[in-house]
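Per-entry structural report
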Amino acid sequence: MYVPPAFLEEDRSTIHRVMREARLVQLVTSGPDGLLATPLPMLLEADEGEHGVLYGHIARANPHWRTPVAGDALAIFMGPDAYVSPSWYATKQRDGKVVPTWNYVAVHAYGPVEFFDDAARLLRVVSGLTERHEAGRDAPWAVSDAPAEYVSSMLRGIIGVRLPIVRIDAKRKMSQNRNAEDRAGVMSGLAASADPLDRAAGALIPE
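Structural notes, computed from the coordinates. (Residues numbered from 1 in each chain as written. Predicted model: local features only at pLDDT ≥ 70, side-chain atom pairs only at ≥ 80, totals over all residues. Heavy atoms only, no water.)

What follows covers the environment of E48. Within the element layout of this structure, E48 appears in the loop between β3 (43-45) and β4 (53-59). The class of E48 is partly exposed, set by a relative accessible area of 26%. Distance in space between the C-alpha atoms of E48 and P164 is 8.3 Å, their sequence separation being 116 residues. Leaving out residues up to four positions away in the same chain, E48 has contacts with V53, Y55 and R162. Engagement of the side chain of E48 in a polar contact is seen with the side chain of R162, the distance being 2.9 Å. (Helix = DSSP H or I, 4+ residues; strand = E, 2+ residues; numbered from the N terminus. Buried < 20%, exposed > 50% of the residue type's maximum accessible area, 1.4 Å probe, protein only. Contact = heavy atoms within 4.5 Å. Polar contact = N/O pair within 3.5 Å; in protein donor to acceptor, adjacent residues only side chain to side chain.)

Counting 33 residues, the largest nonpolar core has M19, L54, A75 and F77 as the members making the most contacts within it. Among the secondary structure elements, those contributing two or more residues to this core are α1 (12-21), β1 (25-31), β4, β5 (73-84), β6 (101-111), β8 (158-164) and α5 (180-191). Tallying contributions element by element places β5 first for this core, with 5 residues. Discounting residues that sit within four places of it in the chain, A75 has contacts with V25, Q26, M42, L54, V107, H108, A109 and L163. L122, V126, L129 and L155 belong to the second largest nonpolar core, which has 13 residues in total. (Core = buried A, V, L, I, M, F, W, Y, C linked by side-chain atoms within 4.5 Å.)

The next subject is the side chain of T29. Its place among the elements puts T29 in strand β1. Among the polar contacts made by the side chain of T29, one reaches the side chain of H64 at a distance of 2.7 Å. With residues up to four places along the chain from it excluded, the contact list for T29 reads G34, L35, L36, H64, V69, A73 and V113.

Strand order in this open sheet of 4 strands is β3-β4-β8-β7, and the pairing throughout is antiparallel. Lying at the two open borders of the sheet, with one neighbouring strand each, are β3 and β7 (114-116). Taking the axes of each pair of neighbouring strands and ignoring which way they run, one obtains an average angle of 25° across the sheet. Summarising the sheet, β3 and β4 pair through 3 bridges and their orientation is antiparallel. Residue pairing for β4: L43 is matched across the bridge by Y55. Each of β3, β4, β7 and β8 touches helix α3 (residues 119-134); the most contacted strand, β4, lies at about 100° to it. (Pairing = 2+ DSSP bridges. Axes fitted to C-alpha atoms, helices over the stretch in contact; angles between N-to-C directions.)

So, about the pattern of salt bridges. Opposite charge on two side chains lets them pair, provided their charged atoms get close. In total, this model carries 7 salt bridges according to the counting rule given. Close ionic contact of E114 with R162 constitutes a salt bridge, the shortest N to O distance being 3.9 Å. Here the residue E114 occupies a position in strand β7, and R162 occupies one in strand β8, the gap between them amounting to 48 residues. One salt bridge in this structure joins D169 and R167, with 3.1 Å as the shortest N-O distance. On the basis of relative accessibility, which here comes to 18%, the residue D169 falls in the buried class. Bridged by salt links that share partners, the residues E48, E114, R121 and R162 form one connected network. (Salt bridge = Lys/Arg side-chain N within 4 Å of Asp/Glu carboxyl O.)

Here it is, written out as structure tokens:
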């Protein structure tokens, strides 16, 4: 990922927050026939290893896990994003020298991927993901709510994913390259949007 200095995000806690808040991750690997990508939720264990470890699972029927992997895998996490209209820039009123762009937050995590089918490890992954996404509900569902025999049969239909992170590229492109007037215009434009994703992106623009 191309990351100009103005958009480089280096704060570890911020990067981890983006990764935890991402609802769906794209797992990408390169194999003998080219690239493979699988969308899946992933769980970050930040204290495991030097840069953290990612866990998830895919369907056993998915050929992704059976395909030899060349080099590191890539996990793509996307944060808030929004289209930026040139009409929001104060600069437009002065000289018209403006063009559309896109604001977004992205984290790319690289590392050697491991696929596994050990039932105990799979149960930990499934339970961890469930606890994360059920948190905050009035009556959160737990894996233990389902019959043990049923859970065991479901685990046989999935393959675990483990990705120890060896490198992270993190980008926060939120109009930092524009002047204060232009940033204020973008903030105002996005805040007025009916789309909650637009408003979330607008809230990340520095004043």
